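# Descriptive analysis of the structure
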Amino acid sequence: MPGAAMSLDTHLLEYLLRLADSDLVLAQRLGEWVGKGPVIEEDIALTNVGLDLIGQARLWYGYAGEVEARIKGTGRDEDQFAFRRDAHEFRNLLLVEQPNGSYADTIARQFLFDHWHLLALRALARSQDARVAEIAAKGAKESAYHAERSSDWVIRLGDGTEEAHGRMQAALDELWRYAGEMFVPDAAEVALVEAGIAADVRALEAPWHAAVDAVLAEATLARPPAGYVQQGGKQGRHTEHLGHLLAEMQFLQRAYPDARW
Amino acid sequence: MTTPEQDALAAAATQADRAAERGGMRPSLDAIWDALARVPDPEIPVVSVVELGIVRAVEWTDAGLAVRVTPTYSGCPATELISDGIRAALADAGVIDAQVTTVLSPAWTTDWIAPEARAKLAAFGIAPPGRAAARIDVAGISPLRRARDEVACPRCGSTRTALLAQFGSTACKALYRCESCREPFDYFKPH
């Protein structure tokens, strides 16, 4: 059934871009901290986490290009995906494009994402698609350290001074509205779940809450109340922040297309 | 004046001559492994890419020598440098038709690091990694639910050490401090 296979590949291309774009956009945000970290160890840690995410993004983009070639005959490379698409073509989660803010904001964003990312990659490591499985299995080991580190910081700030506790709680309260999107699949994702390729994010919500709640309890922080869930990133509807991020990230390739050094 | 094409042909001919001087185009696999064992890791030059477990397989095929390597971390910036180093070492050993390909599965683990290399890491001031296999399944879920690694100071051997940062000079290392001799040191994280 070439028709069904082609349709599944179309969904897969979309799905791979979601994984890649979330990694890349978050890595770009972390890169904005270079030279401005609160202490040098954190400056280095943030960029190392960003480096892991860029590495994972490159693997997803590489496979996305191959899938695109299966569909259209030719596929884009990693640089074309990263530097030649506009905001509405990006498929990242809304959470990861949110600005760095204070260190508590950066840690809260990372913490919420890392625990989802770890669960998603572990689920994807069992994908029926061997390429997806091998990229995810590798990334899961890296994300385990990311989750451990961001959890340590949530505890350190939450269980810290009154000032640190207040900022950490406020950051969680602010970003919580973007967390729900991580657990809402659309039709394309459901089709891939049924084919055994994608992770069923609906099944990740309970273990995510368990992991997050355990850290919040130790951090003496309150889980924000469930409220309105902001969505749209995976379909290309972004907050205003993504455009600004891309303007900086893509400047060189936009001004000097195909520039190399 | 010569054209770039002529230069390239001349260089290839020189390499082939050097290969021929070494007794033919197909050194034994033992000789190949010996050559690869002299390729240092760009970040930690006291250990070789073979000792780190980065070189997964070497075999002769009809198309030439096939070398399979695996990256340590997805974003390790040394990956391309390592492939270049492998090609250069193989050219020195007389192999000019090596195909270096990257494989992701099974994912690299620090459990593949050879025992001799662990001793070299410690002598270099980097605490060698503990068992990764035992750690990976539980890590990251909650800091409450697992014990921290016991890490011995590579300088004085004390296990009274404290984690300063989960990421040190590279993604694969954490920064620790020894509470006995007070020196900071890198810990090669189990991965």
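Sequence order as written defines residue numbering, which begins from 1 separately in each chain. Chain letters and ligand numbers both follow the written order, the letters beginning at A and the numbers at 1. Whole-chain, interface and lining totals are the exception, using all residues; otherwise, since this is a predicted model, local features are given only for residues with pLDDT of at least 70 and side-chain atom pairs are given and counted only at 80 or more.

### Things to note about the overall build of chain B
Only DSSP runs of H or I reaching four residues or more are called helices, and only runs of E reaching two or more are called strands; each is numbered from the N terminus. A count of helices and strands for chain B gives five helices and seven strands. Of the regular secondary structure in chain B, the N- to C-terminal order runs α-α-β-β-α-β-α-β-α-β-β-β. Distance between backbone-placed C-beta atoms decides contact: two residues are in contact if it is within 7 Å. Counting only contacts in chain B whose residues sit at least 6 apart along the sequence, the fraction spanning at least 24 positions is 55%.

### Details of the environment of A:Arg76
All names here are of chain A. Residue position: Arg-76 is located in the loop between α2 (40–72) and α3 (78–83). Whether a residue is buried, exposed or partly exposed follows from its count of other C-beta atoms within 10 Å of its own C-beta, namely 20 or more, 12 or fewer, or something in between, respectively; the C-beta atoms are built from the backbone. On the basis of neighbour count, Arg-76 is assigned to the partly exposed category, with 16 C-beta atoms found within 10 Å. Along the chain, Arg-76 and Glu-162 lie 86 residues apart, while their C-alpha atoms are 50 Å from each other.

### Description of the domain arrangement of chain B
With domains assigned, chain B is organised as domain 1 (4–102) and domain 2 (113–188). All residues other than Ala, Val, Leu, Ile, Met, Phe, Trp, Tyr, Cys, Pro, Asp, Glu, Lys and Arg, Gly among them, are scored as polar; the first ten of these are nonpolar and the last four charged. Considered class by class, the residues forming the side of domain 1 of chain B that touches domain 2 of chain B number five nonpolar, three polar and two charged. How far each domain reaches was decided by an automatic or database domain assignment.

### Comments concerning the sheet that holds strand β4 (residues 126–127) of chain B
Two modes of strand pairing occur in sheets, parallel and antiparallel, and in both the strands are linked by backbone hydrogen bonds. Strands were regarded as paired on the criterion that DSSP finds at least two bridges between them. Spatially, the four strands line up as an open sheet ordered β4-β7-β6-β5 (chain B), and their pairing is mixed. On the outer flanks of this sheet lie β4 and β5 (161–165) of chain B, each paired with one strand and no other.

### Some details on unusual backbone geometry
In this model, B:Ser105 is joined to B:Pro106 through a cis peptide bond whose omega is -5°. Looking at the element boundaries, B:Pro106 is found in the loop between β3 (99–102) and α4 (115–124). Backbone geometry places A:Asp258, a non-glycine residue, at a positive phi of 65°. Secondary-structure assignment places A:Asp258 in the segment after α11 (251–255). Owing to 9 C-beta atoms within 10 Å, A:Asp258 belongs among the exposed residues under this scheme. If you check the backbone angles, B:Arg182 has positive phi at about 70° while not being a glycine.

### With respect to the nonpolar core
Formed by 119 residues in total, the largest nonpolar core has its most connected members in A:Leu16, A:Ala20, A:Trp60 and A:Ala64. Among the elements that make up this core, the one with the highest residue count is α2(A) (13 residues). Two domains each provide a minimum of three residues to this core, namely domain 1 (4–102) and domain 2 (113–188) of chain B. Filtering out sequence-adjacent residues up to four positions away, A:Leu16 remains in contact with A:Trp60, A:Tyr63, A:Ala64 and A:Val67. Note on terminology: a nonpolar core is a set of buried residues of type Ala, Val, Leu, Ile, Met, Phe, Trp, Tyr or Cys, with members joined through C-beta atoms within 7 Å.

### Notes on the sheet that holds strand β1 (residues 55–61) of chain B
Residues and elements named next belong to chain B. Read across the open sheet, the three strands follow the order β1-β2-β3; overall the sheet is mixed. The strands lining the two open edges of the sheet, one partner per strand, are β1 and β3. Here the average twist between neighbouring strands, direction ignored, is 20°. Across four bridges, the pairing between strand β2 (residues 64–69) and β3 is parallel. For Ala-66, the partnering residue across the bridge sits in β3 and is Gln-99. Each axis is a line fitted through C-alpha atoms, and for a helix only the stretch in contact is used; angles between axes span 0 to 180 degrees, taken between their N-to-C directions. Packed onto the sheet, helix α3 (residues 79–92) meets β2 and β3 and runs at close to 150° relative to β2.

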